[in-house]
Amino acid sequence: MSEGNMNITLKVWRQKNKKTSGKLETYQVEGISEDMSFLEMFDVLNERLVSEGTEPIAFDHDCREGICGMCSMYINGQPHGPLQGVTTCQLHMRSFKNGDTIVVEPWRSVAFPVVKDLVVDRSSFDRIIASGGYISVNTGNAQDGNSLPIPKDDADKAFAAAACIGCGACVSACKNASAMLFVSAKVSQLALLPQGQPERQDRAMKMVAQMDAEGFGSCTNTGACAAECPKEISLENIARLNREYLGASLGSTN
Amino acid sequence: MSNKLDAKIPEGPLSDKWTKYRSTVPLVNPANKRSLEIIVVGTGLAGASAAATLAELGYKVKAFCFQDSPRRAHSIAAQGGINAAKNYQNDGDSVYRLFYDTIKGGDYRAREGNVHRLAEVSGNIIDQCVAQGVPFAREYGGLLSNRSFGGTQVQRTFYAAGQTGQQLLLGAYSGLERQVGIGNVTMYTRHEMLDVVMIDGKARGIIAKNLVTGELERHFGHAVLLCTGGYGNVFYLSTNAMGSNVTAAWKAHKKGANFANPCYTQIHPTCIPVSGDHQSKLTLMSESLRNDGRIWVPKQKDDKRAGNDIPEEERDYYLERRYPAFGNLVPRDIASRAAKERCDAGYGVGASKMAVYLDFAFAIDRYGKIEANKKNMHDASKEQITEMGRAVVKEKYGNLFDMYKQITGEDPYVLPMRIYPAVHYTMGGLWVDYNLMTNVPGLYALGEANFSDHGANRLGASALMQGLADGYFVIPYTIGSYLSSEIRTKSIPTDHPAFVEAEKAVQDRINKLINIKGKQSPESFHKRLGKIMWDKCGMARNEKGLKEAIAEIQALKKEFWSDLRIMGDADEFNPELDKAGRVADFIELGELMCVDALNRNESCGGHFREEFQTEEGEALRDDENYMYVAAWEYEGESKWNLNPEPLIYENIKIAQRSYK
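How each quantity is defined
- Residues numbered from 1 in each chain as written.
- Chains lettered and ligands numbered in written order.
- Predicted model: local features only at pLDDT ≥ 70, side-chain atom pairs only at ≥ 80, totals over all residues.
- Heavy atoms only, no water.
- Domains from an automatic or database assignment.
- Contact = heavy atoms within 4.5 Å.
- Buried area = accessible area lost by both parts, 1.4 Å probe.
- Salt bridge = Lys/Arg side-chain N within 4 Å of Asp/Glu carboxyl O.
- Polar contact = N/O pair within 3.5 Å; in protein donor to acceptor, adjacent residues only side chain to side chain.
- Helix = DSSP H or I, 4+ residues; strand = E, 2+ residues; numbered from the N terminus.
- Nonpolar A, V, L, I, M, F, W, Y, C, P; charged D, E, K, R; others polar.
- Buried < 20%, exposed > 50% of the residue type's maximum accessible area, 1.4 Å probe, protein only.
- Axes fitted to C-alpha atoms, helices over the stretch in contact; angles between N-to-C directions.
- Parallel < 35°, antiparallel > 145°, perpendicular 65-115°, else oblique.
- Pairing = 2+ DSSP bridges.

Chemist: Where do I start with the domain arrangement of chain B in this structure?
Modeler: For an interface, size is often stated in terms of accessible area lost upon the parts coming together. Residue and element names in this part refer to chain B. Domain parsing of chain B yields domain 1 (269-423) and domain 2 (497-646). Listed as interface residues are ten residues of domain 1 and, on the opposing side, ten residues of domain 2. Each partner contributes to the roughly 810 Å² buried at the junction of domain 1 and domain 2, and carbon and sulfur atoms together form 57% of this total. Inspection of the domain 1/domain 2 interface yields one salt bridge. Across the pair R322 and E618 runs a salt bridge, and its minimum N-O distance is 3.3 Å. One can count three residue pairs in polar contact (both at pLDDT 80 or more) joining domain 1 with domain 2. Those elements that place two or more of their residues in the side of domain 1 that touches domain 2 are α9 (332-344) and β15 (417-426). Looking at which element gives the most residues to the side of domain 1 that touches domain 2, the answer is α9, with four residues. In terms of residue class, the side of domain 1 that touches domain 2 is made up of four nonpolar, one polar and five charged.

This is the structure we're talking about:
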């Protein structure tokens, strides 16, 4: 099946499982259309591998519309590839040229062990949320939604932080494999809203403690995380997390 | 008409049913809750909200999802909003009006009792989400903002830009993870349910596969909740996530749960058109866009001019022409059929001619002028107005416009969007009673996985409402009517013969799949199934096509089981094997959908039989013979028994649905 005229050389990380070591394998893919998404190119390659009797390349993906956060390819040294504000699944082949060589690796972090090929284990993110990334409100306790006016600006900022899709690109982009952008997005969202105030200090302390326990590195403010974030989560959130954490450590909310 | 199924709708006046029932449903005391175990399969809006809420109540919960995290469930991709009868806009909304709109929108094929309950709890959902920190859109005064959706004339839709599903799911997910942290929920990610375990006629657990290691696991539960979403991926191309599947619901069906109204599928009118054979999925452009976008095609057939070059008087705003009262905001089934009608008649646009325009030029101009007035710019230039107007549109729909541009390579701020209908949602699903229990005792279905609230067509922004209603505010009460009689049942050890047998059957099926060792990939079978379904059981169906489809699906099934090729082994992470199992179930479901569509000799909502239409091409119902829920009981390969559940309307006057 050939739909276009792009020919691409792919170098893809293959690794059988967590226990074995992996290596880059080279594949030629031909007849690629520029309207294909990057993952559809992988679909084409995988179908060919199956027909040749070779095991297809395992990669994580689900919604393919840039919102579930499941896709996670490290493309030519950049998480989610060359475009800003775009996930791997929304990257299209028109962003590449005929004849290009593209290197595709999994996320790289101690806290994200490889499951197989390009698939990694990001359950550490869930454990960070479970440690305190919520407002403790049981179902049935809520008052009327409009009884708590929230300035539009605060609501908009909280929304911008809440747009994080938990993909882990920030960690993958960071030379220290720090999860500060991810943690700060959730801490910021809830710290900006009145509902989040009662647990504000406790939340920052607990989430940071869990982040450290998972083996993520420290933040040295290089900003690669925000530059590579497909949802353009701002570095301001990290500054806010630092303030929250310091305030909580000193026992003040300011 | 035989009626084996008891919907258990409480007696009494419609508006008192739920209040009264809720106050009399048997309770389980807190100490007993701690020894009752509940399995929740799926962690979308319905599953996550149910698992969190049941754990808060004190039950021991085990939750399962096939993704790497519960936050990835496909509810996350819902864009436009969630309905609630708050009447914050003072525009005449009420619980009754939401109830009425939903019944009418569903083309009079949903239960009154269930839908009224849904409307009653809708307001509580918004309150709960706000309390969790869901950042809904707000006005400058700090209060919640609303917009309109199809099939209604009030503004009752709450939203968070074009990412409402994401924000609601992250709210439910945070509640779920909080219970995981506390230890009330045990979370199993990358696990897929592959069977229900039945003991003495009751659902008592599941067999799940650990997708990382390939190991099969046995899990006991006093009750099992399937919150596993819809089956739109039977069409291969749909707006569903790649992993969305019918497997859990289908296994339940084969263990005795009736599958209701499988032919009711929703084709969403505004999706990005197919660009080629490589296409792996379709992307929705939210219905909220129809608040501001106007839909049109050229008046002239096969017009080759670019959209912007076609003058106003040569455009046909066909929805505004045909349905002046609702205009571009007619319900989805009607908008989809109207687009298909224009394209089939030769008026389509774009290279494939299978698209219509969704145009924002008017909205940009209108908003630009309002902004100019706000800023006292009384002699603003056209360019200034356009620029300000684009900024307003960007704030409302920015992420959708970005997505469109990324996928098509065209800028929708400048050129009208090209859109075409695509499979989006399935109204059919496991049959459930008022308690959300299937006809199998102890086995429940919530959210899109059940059939209960949307009749033959779902209104926009009502899927999020139903998923969260079921999980936060319905099941926590109704499950008491079953579990209160289970307090003496001790946990059943998983070496019970029923577990052993169920696990063996699952293992045998996996071995069978792996050992076919044929030539064709699971993906290729899925594509072929999708084509049969779309061509013959899609937006329009007829008797001849459906009969052909059934024969073709049966042949495809034979081919699948004799020529499938799965690379890799069973005892490792193997997405090919997982996909093969899902495709096998989709093939069987596809046949049942055609059987159901063939049985229903009428058109209603999303089910359009070409033989049954009015002179104006509208759906022609047959209330005399088909005002029932078609619940199908599995009786063996390609054999089903129909158990109709009559629909009784005591409050709403049945009429031909009109949006003119």
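Chemist: Quick question: what am I supposed to make of the environment of C65 of chain B here?
Modeler: Residue and element names in this part refer to chain B. As for its position among the elements, C65 is in the loop between β2 (60-64) and β3 (82-83). C65 sits in the buried class, given a relative accessible area of 2%. With 163 residues separating them along the chain, C65 and T228 place their C-alpha atoms 8.7 Å apart. The contacts of C65, once residues within four sequence positions are left out, are T43, P70, M187, Y188, T189, R190 and H191.

Chemist: Looking at this structure, I do not really get the packing of helix α1 (residues 14-24) of chain B against helix α5 (residues 112-132) of chain B. What am I missing?
Modeler: In a packed pair of helices, the relevant descriptors are the angle between the two axes and the axis-to-axis distance. All names here are of chain B. At a closest axis distance of 9 Å, the pairing of α1 and α5 adopts a crossing angle of 75°. Here α1 is positioned roughly perpendicular relative to α5, judged by the angle of their axes. On α5, the residues touching L14, S15, K17, W18 and T19 of α1 are E112, G113, H116, R117, E120 and V121. Within the contact of α1 with α5, the residues separate by chemical class into three nonpolar, four polar and four charged.

Chemist: Even after reading the chapter, I still don't get the domain arrangement of chain A, so can you show me in this structure?
Modeler: All names here are of chain A. For chain A, the assigned domains read domain 1 (6-116) and domain 2 (122-250). Using only C-alpha atoms to locate each centre, domain 1 and domain 2 end up separated by 29 Å. Each partner contributes residues to the interface: domain 1 has 22 residues there, and domain 2 has 20 residues. Of the roughly 1500 Å² buried between domain 1 and domain 2 on both sides combined, carbon and sulfur atoms contribute 54%. Ranking the residues of domain 1 by area buried against domain 2 places P79, A111 and F112 at the top, with a combined share of 32%.

Chemist: How should the interface of chain B and chain A be read in this particular structure?
Modeler: Every contact between the two is made by 77 residues of chain B and, on the other side, 75 residues of chain A. Interface area for chain B against chain A, summed over the two sides, is near 6000 Å², with a carbon-plus-sulfur share of 52%. Three residues, R72, H278 and Q406 of chain B, lead the burial of chain B against chain A; their summed loss comes to 12% of the area buried on that side. Applying the counting rule to chain B against chain A returns seven salt bridges. Between K281 of chain B and E65 of chain A there is a salt bridge whose closest N-O contact spans 2.5 Å. The interface formed by chain B and chain A contains 42 residue pairs in polar contact (both at pLDDT 80 or more). Per-class residue counts for the side of chain B that touches chain A are 27 nonpolar, 31 polar and 19 charged.

Chemist: Before we go on, may I ask you to explain the sheet that holds strand β16 (residues 429-430) of chain B in this structure?
Modeler: In sheet architecture, strand pairing relies on hydrogen bonds along the backbone and comes in two forms, parallel and antiparallel. Residues and elements named next belong to chain B. What the four strands build is an open sheet, ordered β16-β10-β18-β19; its pairing is antiparallel. Each having just a single partner strand, β16 and β19 (639-646) make up the two edges of the open sheet. Relative to β16, strand β10 (residues 259-260) is paired through two bridges, and the arrangement is antiparallel. Residue pairing across strands places F259 opposite L430, the latter belonging to β16. Packed on one face of the sheet, helix α7 (residues 247-254) meets β10, β16, β18 (628-636) and β19 and runs near 75° to β18. Set on the sheet, helix α17 (residues 575-599) makes contact with β10, β18 and β19; between it and β18 the angle comes to about 135°.

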